[in-house]
Amino acid sequence: MQSLTQKAQATGAAAARESLAKSKLSLGDFAHLISPAAAELLEHMGRRSHAMTQQRFGKVIRMFAPLYLSNECVNNCQYCGFSRDNPILRVTLSLEDVKREAQALKEQGFRNLLLVAGEHPKFVSNNYLKDCIAALHYDWPGISLEVGPMETADYRPLVEAGADGLVVYQETYDRKIYADMHTAGPKRNFDWRLETPERAYAAGFRRLGISPLYGLADWRFEAVGVAAHADYLLRNCWKAQLTISLPRLRPCAGEFQPLTHMTDRDLAQLVCAFRLMFPDVGLVLSTREPAKLRAGLIPLGITMMSAGSHTEPGGYTGAGKEKIHHTERGRIVELASGASEWAPTPEHATNATGQFQIADERSADEVADLIRRLGYEPVWKDWDAALTA
Ligand code: SF4
């Protein structure tokens, strides 16, 4: 990976142009396309990427919504608001709360759900997840999970209950930075996380999502890492649909500052490079990015978007408020009104704390309107999943 990253830094204009002209790219070509030299060819890359996306995916954007089940977590990940040691307001939604949140999303039009939870075996047990999936399965043709990694045998009941997708961000492909960022909890194990998509595939998940979190290691290094990972998964988990997300760090509790910077133009270049390298891989853009940039990236190769998102459990309906508690260094402290700056008072937050601040605060309707104005159709239901179910 290091040599490909060096290649990406040192590529000249001629090599970048040569790679751009190919119909089938190698990882070396991908490195050329994310080079500073290729940045000068962005317009050309954008045109090719746009044409390839329309040819493979049509003019549609698949819509999904994250539903946060719990913000309890046993890990300390320095860049995450849910880190164990952050003194935030926490809650795990009951089954009834989850159904209420899902109903609110269904009324907005969504049919693809991403169930998200921190890693906490006590609050987010496998049985809890299974019950949530089983309760939603009838109404939701697409249910994906973004939860703590598990053994294959533990994934199987979740697939049987109706989940079909698994998203796991490696966060960073740099082992040294990974060790620095993950200071406590099971997430410290880099390899266990890296091998998660294969365990999920072996358990029967047929939609796999991967990504680094941009803002930790150099973005070109991360891009090479996730491209190599995707290349491997496409060859070894070939029955699955693969998606690559493009999350950049956002402000959150703990006030972690990004270690590296990735510009909007870098992000646009990366979208094009992913599309040209992986013509059939879905590219996911969340509400971490502001409205204007999201609109600009759609024609370049994005195929899947979230909208109207909340990153706090209960954020869509206020469900679970009565069970919110405060934690101090991982210990639950009963919440007394006015007892802390986080306590729910008329002036302060009344919901659990979110994982990070979103940047695009438009409603799902507003985002869908914008997608239509750009000439695309927002697709709420994952027809492939429905047909293969
Ligand atoms: S990134 Fe995930 S594992 Fe880490 S603290 Fe946040 S919720 Fe927990």
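Residues numbered from 1 in each chain as written. Predicted model: local features only at pLDDT ≥ 70, side-chain atom pairs only at ≥ 80, totals over all residues. Heavy atoms only, no water.

Q: Would you mind showing me how to read the confidence of the model for the protein chain here?
A: Any segment with low pLDDT has predicted coordinates that should not be analysed in fine detail. Put simply, the protein chain has an average pLDDT of 92, and 93% of its residues get 70 or more. Scored below 50 in pLDDT, residues 339-349 shows 20 contacts in the model against residues more than four places distant or in partner chains. Scored below 50 in pLDDT, residues 385-389 makes three contacts in the model with residues more than four places away or belonging to other chains. (pLDDT = per-residue confidence, 0-100. Contact = heavy atoms within 4.5 Å.)

Q: When you look at the sheet that holds strand β12 (residues 325-328) in this model, what are you seeing that I'm missing?
A: Backbone hydrogen bonds are what pair the strands of a sheet, in a parallel or an antiparallel way. Taken together, the three strands give an open sheet; going across it, the order is β3-β12-β13, and neighbouring strands pair in antiparallel fashion. Among the strands making up the open sheet, the edge pair consists of β3 (89-90) and β13 (331-333). Across three bridges, β12 lies against β13 in antiparallel orientation. Bridging across to β13, T327 finds its partner in I332. (Pairing = 2+ DSSP bridges. Helix = DSSP H or I, 4+ residues; strand = E, 2+ residues; numbered from the N terminus.)

Q: Got a minute to help me understand the nonpolar core in this structure?
A: The tendency in soluble globular proteins is for nonpolar side chains to be buried side by side. Judged by nonpolar contacts, the single largest core of 124 residues is most densely connected at L270 and F274. If you tally residues by element for this core, the top one is helix α13 (residues 264-277), at nine residues. Beyond its immediate chain neighbours, meaning those up to four positions away, L270 contacts F30, I34, Y214, W219, A223, L246 and M262. (Core = buried A, V, L, I, M, F, W, Y, C linked by side-chain atoms within 4.5 Å. Buried < 20%, exposed > 50% of the residue type's maximum accessible area, 1.4 Å probe, protein only.)

Q: Got a minute to help me understand the side chain of S70 in this structure?
A: Position of S70 relative to the elements: it lies in strand β1 (residues 60-70). Only 2.9 Å separates the side chain of S70 from the side chain of T92, close enough to count as a polar contact. With residues near it in sequence (within four places) discarded, S70 still touches F82, V91, T92, V116, A117, G118, V124 and P313. (Polar contact = N/O pair within 3.5 Å; in protein donor to acceptor, adjacent residues only side chain to side chain.)

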